[in-house]
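Chain by chain, the residues:
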Amino acid sequence: MQPFVSIILPVRNEEQYIINCLDSIAAQDYPHDLMELLIVDGLSDDDTLEQIAEFDSRYDEFPVTILPNPKQAVSSARNIAIKKAVGDVIVCMDAHALYSPDYISSCVQVMEATGAATVGGHMRALPANDTALARASVLANDSPFGLGGGRFHDPNYEGLVETVWMGCYKKEALYNVGLYDERRTRTEDIDLNRRLIEAGYKIYLSPMIKAWYYPRSKFTDLWRQRWADGFEITRFLPDNPKAPRLRHFIPLIFVSSLILLTALSLSGLGAALWGHGAGTKLANALHGLKGFGLKQPGVLDQKSWSWHLLFLRLLALELGAYLGAMALAVIQAGRSQYKVHKVKKAESVTRDEVHKVEKVESVKLGEDTSEPEATSPGLSTLGLSDFRPAPGSLLLLPAVFLTLHVSYGLGSLWGLATLPFWLGTNQKT
């Protein structure tokens, strides 16, 4: 017997995305009499609620309930809805996304087949608009260099994982671990899923579960989003230190080392801390490497080694490594973009040829050949057929990478720096 499913959709000022999102939910092939939709509104002040009301008037197959969310955080929105949910299965959704018609049925199928308490799919990306920056954001989202290479960014991976994007949960498991930590506004999934694992539950990632996400399409929005992500990773580290992974701290290490090396190279701090002769001692040690075939007298010349030059060289080495890795990521993104476009173009040509043949046959038989009216505008983009190669997006990609990494790193650094003043003043709600 198929379980009753409660869909939870937090929203706040989502007028640009909400209708396409809701239409993709309405197009689900899961029995509509076994679904309910709980929309939790964070006090939207745009046309989001009006568009939801218009959607509700068009679809009456399953109940739509709108709940207020005074705290405006995703974590509090989900807790509000979970406590009102009728279903034994909770499907968490995002208004910044589109869902394949078999999304819910695939979640239930994978959950039953694996016995996992949580299942989810990969975070595929769609451009929010037709600008080069929006397409560059998609490329960064799909690149391991952009967002750290989590398993849910790898479309070829299937198996047990430490966390998933959005997620479909057994309600009983959520109550057993205490629901979401409402102090968190960005890292609630990482924390919750870690607590589920510690409680003995399994989390499973499957490519059967398909959804598409709209990354931020403005530099300011990207900066704010990633700053908040980085801030929470370090701010809540003492509460659940096993939840983050090493990849979550790489931007912090990168940005912190850049700041430290810059400060040391521009001041006499290194000499003050370690002594004026330390640089010469290091040069002497490196000078002995010439006996092993290292022949770079200019680099190993003792006169060329001072603290300022030492840290400047380390700074240049780190920046060079970063820029080199970025160049490789841009090249790989360009190749992937062209490959996707080439495959989709071939599929489109084949579909057009088949359609022409069918239309000719229909004309011969006297059948109606008019095009059917589109009933779900958001679903037309699911095939990514319009994601053509755009040189402008590749040119902007380095700036997007830099924005993602620096904002996240600075946010993490600020969270770490202010942590001592925050500890002990905030208890779980």
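As shown above, the structure is provided for reference.
Given the structure is predicted, the values throughout are model-derived calculations rather than measurements. (Residues numbered from 1 in each chain as written. Predicted model: local features only at pLDDT ≥ 70, side-chain atom pairs only at ≥ 80, totals over all residues. Heavy atoms only, no water.)

Colleague: Is there a simple way to explain the overall build of the chain in this structure?
Modeller: Within the chain, the regular secondary structure consists of 15 helices and nine strands. Taking contacts inside the chain between residues at least 6 apart in sequence as the whole, the part at least 24 apart equals 84%. As presented, the chain carries roughly 21300 Å² of accessible surface, and 61% of it is formed by carbon and sulfur atoms. (Helix = DSSP H or I, 4+ residues; strand = E, 2+ residues; numbered from the N terminus. Contact = heavy atoms within 4.5 Å. Areas by Shrake-Rupley, 256 points an atom, 1.4 Å probe, with all protein chains shown as cover.)

Colleague: Whenever I open this one, the pattern of salt bridges confuses me. Can you help?
Modeller: A side chain with one charge can pair with a side chain of the opposite charge if their charged atoms come near. Counting across every chain of the model gives 15 salt bridges. Aspartate 189 is the salt-bridge partner of arginine 78, the closest N and O atoms lying 2.7 Å from each other. With arginine 78 in helix 3 (residues 74–84) and aspartate 189 in helix 8 (residues 188–198), the pair connects residues that are 111 residues apart, well separated along the chain. Accessibility assignment for this pair places arginine 78 and aspartate 189 in one class, buried. Note that aspartate 181 and arginine 184 form a salt bridge whose closest N and O atoms lie 3.5 Å from each other. Where salt bridges share partners, they join Asp181, Arg183, Arg184, Asp191, Arg195 and Asp239 into one cluster. (Salt bridge = Lys/Arg side-chain N within 4 Å of Asp/Glu carboxyl O. Buried < 20%, exposed > 50% of the residue type's maximum accessible area, 1.4 Å probe, protein only.)

Colleague: How should I be thinking about the packing of aromatic side chains in this particular structure?
Modeller: Counting across every chain of the model gives six aromatic pairs. With a centroid separation of 5.9 Å and 80 degrees between ring planes, the pair formed by tryptophan 165 and tyrosine 213 is classed as edge-to-face. Here tryptophan 165 is found in the loop between strand 7 (159–160) and strand 8 (168–170), whereas its partner tyrosine 213 is found in strand 9 (residues 203–213), with 48 residues between them in sequence. In terms of burial, tryptophan 165 and tyrosine 213 fall into one category: buried. In this structure an aromatic cluster arises from ring pairing among Phe145, Phe254, Tyr322 and Phe401. (Phe/Tyr/Trp six-rings, centres within 6.5 Å; stacked < 30°, edge-to-face > 60°.)

Colleague: How should I be thinking about the nonpolar core in this particular structure?
Modeller: Within soluble globular proteins, side chains that are nonpolar tend to cluster in buried spots. Ranked by size, the top nonpolar core spans 47 residues in total, and within it Leu9, Ile25, Leu37 and Tyr103 carry the most contacts. Counting 21 residues, the second-largest nonpolar core is a separate cluster that includes Ala136, Leu222, Leu264 and Leu397. (Core = buried A, V, L, I, M, F, W, Y, C linked by side-chain atoms within 4.5 Å.)

Colleague: Is there a simple way to explain helix 8 in this structure?
Modeller: For an α-helix the count is 3.6 residues per turn, leaving residues at separations of three or four pointing the same way. Of all eleven residues in helix 8, nine are buried, a share of seventy percent or more. All buried positions along helix 8 are accounted for by Glu188, Asp189, Ile190, Asp191, Leu192, Asn193, Arg194, Arg195 and Leu196. Lining the buried residues of helix 8 we find helix 3, strand 6 (118–125), strand 8, helix 7 (171–176), strand 9 and helix 9 (219–235). Trailing helix 8 by a residue or two, glycine 200 shows a phi angle of about 100 degrees, which is positive.

Colleague: Help me understand the environment of serine 76 in this model?
Modeller: One can find serine 76 in helix 3. Taking relative accessible area as the criterion, serine 76 reaches 1% and is therefore assigned buried.

Colleague: Any chance you could explain the packing of helix 1 (residues 18–26) against helix 2 (residues 48–58) here in plain terms?
Modeller: Two quantities define a packed helix pair, namely the angle between the axes and the distance from one axis to the other. Their axes nearest at 10 Å, the elements helix 1 and helix 2 cross at an angle of 25 degrees. For the element pair helix 1 / helix 2, the angle class is roughly parallel. With respect to the hand of their crossing, helix 1 and helix 2 are arranged in right-handed fashion. Contact with helix 1, carried on its side by Ile18, Ile19, Leu22, Asp23 and Ala26, involves Gln51, Ile52, Glu54, Phe55 and Arg58 of helix 2 and no other residues of that element. Class assignment for the residues of the contact of helix 1 with helix 2 results in six nonpolar, one polar and three charged. (Axes fitted to C-alpha atoms, helices over the stretch in contact; angles between N-to-C directions. Parallel < 35°, antiparallel > 145°, perpendicular 65-115°, else oblique. Left-handed = near helix turned anticlockwise from the far one by under 90°. Nonpolar A, V, L, I, M, F, W, Y, C, P; charged D, E, K, R; others polar.)

Colleague: Even after reading the chapter, I still don't get helix 9, so can you show me in this structure?
Modeller: Between its terminal C-alpha atoms helix 9 stretches 24 Å, which fits the 24 Å expected from 17 residues at 1.5 Å a residue. Restricting attention to buried positions, one finds in helix 9 the residues Leu222, Gln225, Arg226, Asp229, Gly230, Glu232, Ile233, Thr234 and Arg235. Of the surrounding elements, those touching the buried residues of helix 9 are helix 5 (132–142), helix 6 (144–147), helix 8, strand 9, helix 10 (250–265) and helix 15 (391–422). (Expected span 1.5 Å × (residues − 1).)

Colleague: Any chance you could explain unusual backbone geometry here in plain terms?
Modeller: If a residue is not glycine, its phi is most likely negative; likewise, a peptide bond is most likely trans. If you check the backbone angles, asparagine 13 has positive phi at about 50 degrees while not being a glycine. Take asparagine 13: it is sitting in the loop between strand 1 (5–11) and helix 1.

Colleague: Where do I start with a nonpolar patch on the surface in this structure?
Modeller: On the surface, a nonpolar cluster with roughly 320 Å² of combined accessible area is contributed by Leu246, Ile250 and Ile253. Mapped onto the elements, isoleucine 250 comes out in helix 10. (Patch = residues over 30% accessible without salt bridge, like charges linked within 9 Å, V, L, I, M, F, W, Y side chains within 5 Å.)

Colleague: Is there a simple way to explain the environment of arginine 313 in this structure?
Modeller: Within the element layout of this structure, arginine 313 appears in helix 14 (residues 307–365). A C-alpha to C-alpha distance of 9.3 Å links arginine 313 and leucine 261, two positions 52 residues apart in sequence.

Colleague: For this particular structure, what's the right way to read the packing of helix 5 against helix 15?
Modeller: Between helix 5 and helix 15, the shortest axis-to-axis distance is 8 Å and the interhelical angle comes to 60 degrees. One way to sum up the angle between helix 5 and helix 15 is to call them oblique. Viewed along their axes, helix 5 and helix 15 form a crossing whose handedness is right-handed. Side by side, helix 5 and helix 15 meet where Ala132, Leu133, Arg135, Ala136, Ser137, Leu139 and Ala140 of the first sit next to Gly392, Ser393, Leu394, Leu396, Leu397, Val400, Phe401 and Leu404 of the second.

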